[in-house]
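Residue strings, one per chain:
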Amino acid sequence: MIQSVEDFIKAVREDSSSWHPKEPKWFRGEPVSKKALMPTLYRHGLARHENALLQMFRARASGFHDVVPDRGNTDQWLFLARHAGLPTRLLDWSEGALLGLHFALKEKKPVVWMLNPLELNDLSLNAAPRVPNEIREFPLVWHEPDPPLVNPAFENLRGAWELDKYGVPLPVAIYPTYVHPRLRGQRACFTIHGTRKEGLDSLVSAKMLKRYAVDLASRQSMLKELLLLGVTDSVAFPDLDGLADELKERFS
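Criteria and thresholds
- Residues numbered from 1 in each chain as written.
- Predicted model: local features only at pLDDT ≥ 70, side-chain atom pairs only at ≥ 80, totals over all residues.
- Heavy atoms only, no water.
- Helix = DSSP H or I, 4+ residues; strand = E, 2+ residues; numbered from the N terminus.
- Buried < 20%, exposed > 50% of the residue type's maximum accessible area, 1.4 Å probe, protein only.
- Salt bridge = Lys/Arg side-chain N within 4 Å of Asp/Glu carboxyl O.
- Contact = heavy atoms within 4.5 Å.
- Phe/Tyr/Trp six-rings, centres within 6.5 Å; stacked < 30°, edge-to-face > 60°.
- Patch = residues over 30% accessible without salt bridge, like charges linked within 9 Å, V, L, I, M, F, W, Y side chains within 5 Å.
- Areas by Shrake-Rupley, 256 points an atom, 1.4 Å probe, with all protein chains shown as cover.
- Pairing = 2+ DSSP bridges.

A. Inspection of unusual backbone geometry at higher detail. Following Pro-147, the chain continues to Pro-148 via a peptide bond in cis, the omega torsion being 10°. Position of Pro-148 relative to the elements: it lies in the loop between helix H6 (117–125) and helix H7 (152–161). The backbone of Leu-37 shows a phi angle near 55°, a positive value even though the residue is not glycine. Inspection of the secondary structure assignment puts Leu-37 in the loop between strand E1 (26–31) and helix H2 (40–43). Judged by relative accessible area, which is 0%, Leu-37 ranks as buried.

Structure (structure tokens):
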């Protein structure tokens, strides 16, 4: 049970000690849930409406937002839709451990997950054993290689726009284009689900996915620790809404 920011950092270090030191670790803060690590599209039973949601969002978004992607950039549209709050097959993560903890502590029953994203991608593609100390790369979501090569990120993205006719079984870890300032502020990254709709925690082993529950009695003191470390709402949400939330928290 995590009772301080120091406890959390210590646990992260210990649990990732066998992971490649130069490869990223991703973090997600959320409330305790019976449907852990499942995109909102599946949590809310909206999977059958996925394409309709995306198409209507793309058709109307320009009337509500000054800058939108080109119509054909379906990857960027998916990123923008998710950060606007539309239910999608994307699951939000952050490269920042303390940002992940910050999002968790905003919930009444906080939990933080830590993912080894490149191990997930190897599993998703059934990759051959890698060369020791080799630095692995993330797939480019928009790249469609010539057969028989397969880009699992492209296939899962294509499934979102083409009625689930495409996709690999497992989720894939991807980096987004920063089409919204919040993506930058949150050091955002995503996993994108494929044809299997279960939660990520039921699809992969504990070797690549760790879970940290936060002691409820320590929640407020940990928020104060993060404030001291400069991890606040206006950092995670670099806009007027984030600033207002930070000021309300500070003076309440």
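B. Representation of the pattern of salt bridges within the structure. Using the criterion set out here, one finds 19 salt bridges in the structure. Here Glu-144 makes a salt bridge to Arg-158, at a shortest N to O gap of 3.7 Å. Note that Glu-144 is positioned in the loop between H6 and H7 and Arg-158 in helix H7, a separation of 14 residues in sequence. Judged by relative accessible area, Glu-144 falls into the partly exposed class, the value being 46%. One salt bridge connects Asp-245 with Lys-248, and the closest N-O pair in it is separated by 3.3 Å. Of the two residues, Asp-245 and Lys-248 are both situated in helix H12 (residues 240–251); the distance of three residues between them amounts to about one turn of the helix.

C. How the structure looks around the environment of Gly-96. Note that Gly-96 resides in the loop between strand E2 (90–94) and helix H5 (97–105). For Gly-96, a relative accessible area of 9% puts it in the buried group. Separated by 70 residues in the primary sequence, Gly-96 and Tyr-166 place their C-alpha atoms 31 Å from one another. For Gly-96, the residues in contact, after removing those within four places along its chain, are Phe-27 and Arg-187.

D. Molecular detail of the side chain of Asn-121. As for its position among the elements, Asn-121 is in helix H6. Those residues in contact with Asn-121 that sit more than four places away from it in its chain are Phe-138, Pro-139, Val-172 and Ala-173.

E. The arrangement of the packing of aromatic side chains in detail. For the coordinates displayed, the defined rule picks out eight aromatic pairs. Ring geometry for Phe-8 and Tyr-212: centres 5.7 Å apart, planes at 90°, overall edge-to-face. Within this pair, whereas Phe-8 is found in helix H1 (residues 5–15), its partner Tyr-212 is found in strand E6 (residues 209–213), the two being separated by 204 residues in sequence. Ring centres of Phe-138 and Tyr-175 lie 4.6 Å apart, and the angle between their planes is 70°; on these two criteria the pair is classed as edge-to-face.

F. Structural context of a nonpolar patch on the surface. A surface patch of nonpolar side chains, about 460 Å² in accessible area, is lined by Leu-240, Leu-243, Leu-247 and Phe-251. The topology assignment puts Leu-240 in helix H12. Assessed through its relative accessible area of 69%, Leu-240 is described here as exposed.

G. The pairing of strand E5 (residues 188–192), seen in detail. In terms of burial, E5 is a largely internal element, five of the five residues being buried. Sheet analysis places E2 next to E5, joined by five bridges and oriented antiparallel. Paired with Trp-93 across the bridge in E5 is Cys-189. Where strand E4 (residues 172–174) lies against E5, three bridges are found, and the strand directions are antiparallel. Across the sheet, residue Ala-173 finds its bridge partner in E5, namely Thr-191.

Note that every value here comes from positions in space, so none of it alone points to a role or purpose.
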